[in-house]
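Now for the letters of each chain:
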Amino acid sequence: MTFNPQIPSWGKDFSENYINELLSYHSWLSTTGIKTGLISPKNNQFIWDEFIVHSLYFYKIVNDLNILSQNIFDLGTGGGIPGIPFGIVSNQEITLIDIKQKRIFELERLISAQKLSNISAIKEDAEILLKNNEHTIFLMRCYIPHSSLMNLLEKNIDNNKKNTFIVSSNADTVNNLEDMFHVKQEKFLINNNEYRYIDVITVK
Ligand SMILES: C[S@@+](CC[C@H](N)C(=O)[O-])C[C@H]1O[C@@H](n2cnc3c(N)ncnc32)[C@H](O)[C@@H]1O
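All figures in this text were calculated on a predicted structure; none of them were measured in a lab.

A. Just the overall build of the protein chain, in detail. Along its length, the protein chain carries seven helices and seven strands. In the protein chain, the succession of α and β elements from N to C terminus is α-α-α-β-α-β-α-β-α-β-α-β-β-β. Relative to the 2.2 N^0.38 estimate, which gives 17 Å for 204 residues, the radius of gyration of the protein chain is 16 Å and therefore close to what a compact globule would have. Counting only C-alpha atoms and orienting by the principal axes, one finds that the protein chain spans roughly 50 × 35 × 30 Å. When burial is assessed residue by residue, the protein chain has 37% of its 204 residues classed as buried. Across the protein chain, every contact between residues at least 6 apart in sequence was considered, and the portion connecting residues at least 24 apart equals 69%.

B. View of the site of the ligand. With respect to spatial proximity, 17 residues lie near the ligand, and among them Gly76, Gly78, Ile99, Ala126 and Arg141 are the closest. At the level of elements, strand E2 (94-98) and helix H6 (126-132) are the ones that each hand at least two residues to the shell around the ligand. Along the lines of polarity and charge, the residues of the shell around the ligand split into seven nonpolar, four polar and six charged.

C. How the structure looks around helix H5 (residues 101-113). Here H5 spans 18 Å end to end across 13 residues, near enough to the 18 Å set by a 1.5 Å rise per residue. Among the residues making up H5, those that are buried are Arg103, Glu106, Leu107 and Leu110. Taken around the axis of H5, the buried residues stretch over an arc of 95°, which confines them to a single face. In this structure, H5 carries Gln101 and Ser112 as exposed residues pointing more than 90 degrees from its buried face. Contacts from the buried residues of H5 go to helix H2 (19-35), E2 and strand E3 (119-123). A positive phi of about 50° marks Lys115, the residue just after H5.

D. View of the packing of helix H3 (residues 44-65) against helix H4 (residues 83-90). Viewed as axis vectors pointing N to C, H3 and H4 meet at an angle of 60°, and their least axial separation amounts to 8 Å. In terms of their interaxial angle, H3 and H4 are classed as oblique. As for the relative orientation of H3 and H4, their crossing is right-handed in sense. Contact residues: H3 offers Ile52, Ser55, Leu56, Phe58 and Tyr59, while H4 offers Pro85, Phe86, Val89 and Ser90. Along the lines of polarity and charge, the residues of the contact of H3 with H4 split into seven nonpolar, two polar and no charged.

E. Representation of the packing of H2 against H4 within the structure. The contact between H2 and H4 brings their axes to 10 Å, and the two run at 160°. Taken together, the axis directions place H2 and H4 in an arrangement best described as roughly antiparallel. You can see that H2 and H4 cross each other, and the crossing is right-handed. Across the interface between the two elements, Glu21, Leu22 and Tyr25 of H2 pack against Ile84, Pro85 and Ile88 of H4.

Definitions and limits used
Residues numbered from 1 in each chain as written. Predicted model: local features only at pLDDT ≥ 70, side-chain atom pairs only at ≥ 80, totals over all residues. Helix = DSSP H or I, 4+ residues; strand = E, 2+ residues; numbered from the N terminus. Rg over C-alpha atoms; globule rule 2.2 N^0.38 Å. Buried ≥ 20, exposed ≤ 12 C-beta atoms within 10 Å, placed from the backbone. Contact = placed C-beta atoms within 7 Å. Near = placed C-beta within 6 Å. Nonpolar A, V, L, I, M, F, W, Y, C, P; charged D, E, K, R; others polar. Expected span 1.5 Å × (residues − 1). Arc of directions from axis to C-beta. Axes fitted to C-alpha atoms, helices over the stretch in contact; angles between N-to-C directions. Parallel < 35°, antiparallel > 145°, perpendicular 65-115°, else oblique. Left-handed = near helix turned anticlockwise from the far one by under 90°.

Treat this as a map of the structure, not an account of what it does.
As structure tokens, then:
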């Protein structure tokens, strides 16, 4: 089935030079990714719009905030979402984290085959990183529910004061801890007519 590897207007300037690399990753997700259970079976257009275009917006946020020099971790990366598209368009050092070793092996094979030298993959419990890292950007797409994340951050508030959390979200997310956290929600198109949301969370 053919599909349209479109990029919405917000992402054209930083993605267009990397379309071939993004298409190679798309091809891997739609074959190996499905075969090895990293993603559930989806059609090519869905994989492009929902996984790749959505991931590119994580990069747009970090680039707009001008904080690219910090450590970047993609927690609960699964098939490398959003970390692989982020790393492809940014050339930024980025570490993919998943608790399942099998997923890390698949990602290491992809990184080596596609020569993505700025990206590495490590088996680790994301909670350990959330408790111990400072001056760090944490990307999370569909990793844990918003409320669980906020509770975890609340418990580890001191070491998270200088971290930035960029987290997939939805329109009706409520910040129950607004005395502690600043949450800025971004709404963007992943194709001609479907919107998605990402929250940018920092400690006040
Ligand atoms: C729903 S998947 C999301 C995958 C990907 N981010 C995406 O958007 O498609 C959640 C991933 O988090 C991983 N995971 C669950 N608990 C984790 C933990 N404590 N530390 C690291 N990864 C974890 C799972 O193995 C799984 O790959």
